[in-house]
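One letter stands for each residue in the lines below.
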Amino acid sequence: MDKYHPGYFGKVGMRHFHYTQNKHHCPTLNVDRLWSLVPAADRHAAEQAPTGPVPVIDLTRHNVTKLLGNGNLPKIPFIVKTRLISRKAELKVIRAGGKVELIA
């Protein structure tokens, strides 16, 4: 333990040399805001005919990298395309009748 070393003060944690922010940039979106990306006409059509064509929500087109699981979803089938998704968000999408497609 180097706690009592003369040069210890202020040196806590690990160092990361040349830390660049763009490597760690990951825009997120919660599940409750997911249907705000779909036009109102498409959402209304999906509600009226659940066996008809399914809306596809491509999050990469909206500059969103990760889908998080805060909030609730209506019971309307849909497809979500995203790069990253949390476990909680994936469960909520599947329970709402949707499907998740991961994009590389």
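Remember, predicted model here, so these are calculated numbers, not experimental data.

Caption draft 1: The arrangement of the sheet that holds strand β1 (residues 28–30) in detail. Spatially, β1-β3-β5 is the arrangement adopted by the three strands of the open sheet, whose pairing is parallel. Whereas interior strands pair on both sides, the edge strands pair on one side only; in this sheet they are β1 and β5 (84–85). Note: β1 against strand β3 (residues 66–68), three bridges, orientation parallel. In the strand pairing of β3, Asn30 is matched with Leu68.

Caption draft 2: Broad picture of the side chain of Asp58. Inspection of the secondary structure assignment puts Asp58 in strand β2 (residues 56–58). The buried charged residue Asp58 lacks any salt bridge partner; its closest oppositely charged side chain belongs to Arg61, at an N-O distance of 4.2 Å. What Asp58 contacts, discounting residues up to four positions off in sequence, is Lys81 and Ile103.

Caption draft 3: The arrangement of the sheet that holds strand β6 (residues 99–102) in detail. Strand order in the open sheet formed by three strands is β2-β4-β6, with parallel pairing between adjacent strands. Of all strands in the sheet, those bounded by a partner on one side alone are β2 and β6. Taken pair by pair, the neighbouring strands of this sheet meet at an average axis angle of 20°, ignoring direction.

Caption draft 4: Spotlight on unusual backbone geometry. One non-glycine residue, His18, lies in positive phi territory at about 55°. Take His18: it is sitting in the segment before β1. A positive phi is found at Asn63, a non-glycine position, where the angle reads about 60°. Relative to the assigned elements, Asn63 resides in the loop between β2 and β3.

About the thresholds
Residues numbered from 1 in each chain as written. Predicted model: local features only at pLDDT ≥ 70, side-chain atom pairs only at ≥ 80, totals over all residues. Heavy atoms only, no water. Pairing = 2+ DSSP bridges. Helix = DSSP H or I, 4+ residues; strand = E, 2+ residues; numbered from the N terminus. Buried < 20%, exposed > 50% of the residue type's maximum accessible area, 1.4 Å probe, protein only. Lys, Arg positive; Asp, Glu negative; His and termini not counted. Salt bridge = Lys/Arg side-chain N within 4 Å of Asp/Glu carboxyl O. Contact = heavy atoms within 4.5 Å. Axes fitted to C-alpha atoms, helices over the stretch in contact; angles between N-to-C directions.

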